[in-house]
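Residue-level structural notes
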Amino acid sequence: MHRCLRASLHTFVRHPLHRKLVPTPPPTNKASKAASTAPQPELMLEYANDAYGGVVIDTRSLPSDVQHFKAALKDSLQAWQQDGKRGIWLKVPLLLATHVPPAVELGFRPHHAEPEYFMLVNWVASGASTIPPNASHQVGIGACVINEHRQILMVQERNGPLKGKGVWKIPTGLVDAGEDLHTAAEREVQEETGIRTAFDSVLAVRQAHGFGAGKSDLFFMVGLIPEPGQSEVKPCERELEACKWMPLEEYADQPFQRGVALYDKIRERCVAYAEGRYRGWRAEKLDGSWRPDRVRQDLLLFGDLDQAKL
């Protein structure tokens, strides 16, 4: 999720002028009328300050009544602007989808959506917004699986642009959110072919643009080693027409995509990897906790150093 949303959300605060989410009762005398003329928010939503001068509205505090929500959001925006806040993040659960139109009326715009919620953002500071757009890439993997007989695992797809064309290709798939790419490669191969594997290295990385929903695509060609005794293939009937172990020489001579520079280069790397002439990058989960309040393990892809040249 966007960096502003990774701020500490566990402490929600109230504006100094915060009042409960109920309308202020009408004044009962002239003195109170005079006092009420000062611009003050009638209603306030609870929120957390993020690390970039913005605000993350507490989803749990959203009134269920649409008009009540709109009034509270309007007053809150006024107070946040007076406080010099910048980006205002509003996460609307799917069950409160009717809250989206009034938020848009008050200046919020879509940032991204997931099956459970809509994420809206409103830049209330002066000047151009510095909020990065939604994620720009999807991540895919291609699996070069070589067994001890110099055979490569190949599949025929049941769906997609290659359906019914009799084309043999390597297993491919998309990396799920929160999933490491080496884990995704092992998972995809097992789901599609029934072969259990262990990740070995990254052989190549391709970037392309104009994919689903206008996103760009990062594609990692990875080398996998089948676990001992993994010889019988079991194609996933939902995704594949067939799968098999193909001799490496037959794979190298395939006419499909031959002459296309990108695929020729990838195929060369796969063959060299199978023959032990190319290593690629290995992957390792390493501690990336440079902040004491944020413990994490990051996946690093890297090649080995040539000690003779150091």
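Rules used in this analysis
Residues numbered from 1 in each chain as written. Predicted model: local features only at pLDDT ≥ 70, side-chain atom pairs only at ≥ 80, totals over all residues. Heavy atoms only, no water. Helix = DSSP H or I, 4+ residues; strand = E, 2+ residues; numbered from the N terminus. Buried < 20%, exposed > 50% of the residue type's maximum accessible area, 1.4 Å probe, protein only. Contact = heavy atoms within 4.5 Å. Areas by Shrake-Rupley, 256 points an atom, 1.4 Å probe, with all protein chains shown as cover. Salt bridge = Lys/Arg side-chain N within 4 Å of Asp/Glu carboxyl O. Pairing = 2+ DSSP bridges. Axes fitted to C-alpha atoms, helices over the stretch in contact; angles between N-to-C directions. Expected span 1.5 Å × (residues − 1). Polar contact = N/O pair within 3.5 Å; in protein donor to acceptor, adjacent residues only side chain to side chain. pLDDT = per-residue confidence, 0-100.

1. Points about the overall build of the chain
Looking only at helices and strands, the chain has 6 helices and 13 strands in total. Sorting the 310 residues of the chain into buried and exposed places 38% on the buried side. Relative to all contacts within the chain whose residues are 6 or more apart in sequence, the contacts with residues 24 or more apart total 63%. For the chain, the exposed area adds up to about 17800 Å²; of that, 54% sits on carbon and sulfur atoms.

2. A few points about the pattern of salt bridges
Scanning the entire structure with this criterion turns up 21 salt bridges. Two residues, Arg-187 and Asp-176, come together in a salt bridge whose shortest N-O distance is 3.7 Å. In this pair, Arg-187 is assigned in helix H4 (residues 181-193) and Asp-176 in the loop between strand S8 (172-174) and H4, connecting sequence segments 11 residues apart. With its nearest N and O atoms 3.2 Å apart, the salt bridge here joins Arg-238 to Glu-239.

3. Observations regarding the pairing of strand S6 (residues 137-145)
As paired elements, S6 and strand S10 (residues 216-226) share 9 bridges and run parallel to each other. Following the sheet pairing, Val-139 is matched in S10 by Leu-218. Across 3 bridges, S6 lies against S8 in antiparallel orientation. Directly across from Ile-141, in S8, lies its bridge partner Gly-173.

4. Structural notes on the sheet that holds strand S5 (residues 117-123)
Pairing between the strands of a sheet comes from backbone hydrogen bonds, and it takes one of two forms, parallel or antiparallel. In spatial order, the strands read S1-S2-S3-S5-S4; together these 5 strands make up an open sheet with mixed pairing. Only two strands of the sheet have a single neighbouring strand rather than two, namely strand S1 (47-49) and strand S4 (109-114). Pairwise comparison of adjacent strand axes, ignoring direction, gives a mean angle of 20° for this sheet. Judged from the 3 bridges that link them, S1 and strand S2 (residues 55-57) form a sheet pairing that is antiparallel. Across the sheet, the residue bridging to Asn-49 is Val-55, located in S2.

5. Considerations on the sheet that holds S10
Across the sheet, 4 strands lie side by side as S8-S6-S10-S9; this open sheet has mixed pairing. Whereas interior strands pair on both sides, the edge strands pair on one side only; in this sheet they are S8 and strand S9 (197-208). Across the sheet, the axes of successive neighbouring strands diverge by a mean angle of 25°, strand direction being ignored. Packing against the sheet, helix H6 (residues 261-274) makes contact with S6, S9 and S10, and its axis sits at approximately 160° to S9.

6. Quick word on helix H2 (residues 66-82)
Under the 1.5 Å per step criterion, the end-to-end length of H2 is 24 Å for 17 residues, consistent within 8% with the ideal 24 Å. Buried within H2 we find Phe-69, Ala-72, Leu-73, Asp-75, Ser-76, Leu-77, Ala-79 and Trp-80. Buried positions along H2 lie against S1, S2, strand S3 (87-93), helix H3 (100-105) and S5. The backbone nitrogen of Gln-67 has a side-chain oxygen 3.2 Å away, supplied by the residue at the start of H2, namely Asp-65. Gly-84 sits one or two positions beyond H2 and adopts a positive phi of about 80°.

7. Structural notes on unusual backbone geometry
One non-glycine residue, Arg-150, lies in the positive phi region at around 60°. The topology assignment puts Arg-150 in the loop between S6 and strand S7 (151-157). Accessibility expressed as a relative area gives 35% for Arg-150, which makes it partly exposed. Phi at Gln-257 takes a positive value of approximately 65°, unusual for a residue other than glycine. Assessed through its relative accessible area of 27%, Gln-257 is described here as partly exposed.

8. Here we look at the confidence of the model for the chain
Taken as a whole, the chain shows an average pLDDT of 86; of its residues, 85% reach a score of 70 or greater. Long-range and interchain partners of residues 1-41, a stretch whose pLDDT sits below 50, account for 72 contacts in this model, where long-range means more than four residues apart.

9. Here we look at H4
Its 13 residues give H4 an end-to-end C-alpha distance of 18 Å, which sits within 8% of 18 Å, the value for a rise of 1.5 Å per residue. For H4, the set of buried residues is Leu-181, His-182, Ala-184, Ala-185, Arg-187, Glu-188, Val-189, Glu-192 and Thr-193. Backbone geometry just after H4 places Gly-194 at a positive phi near 80°.

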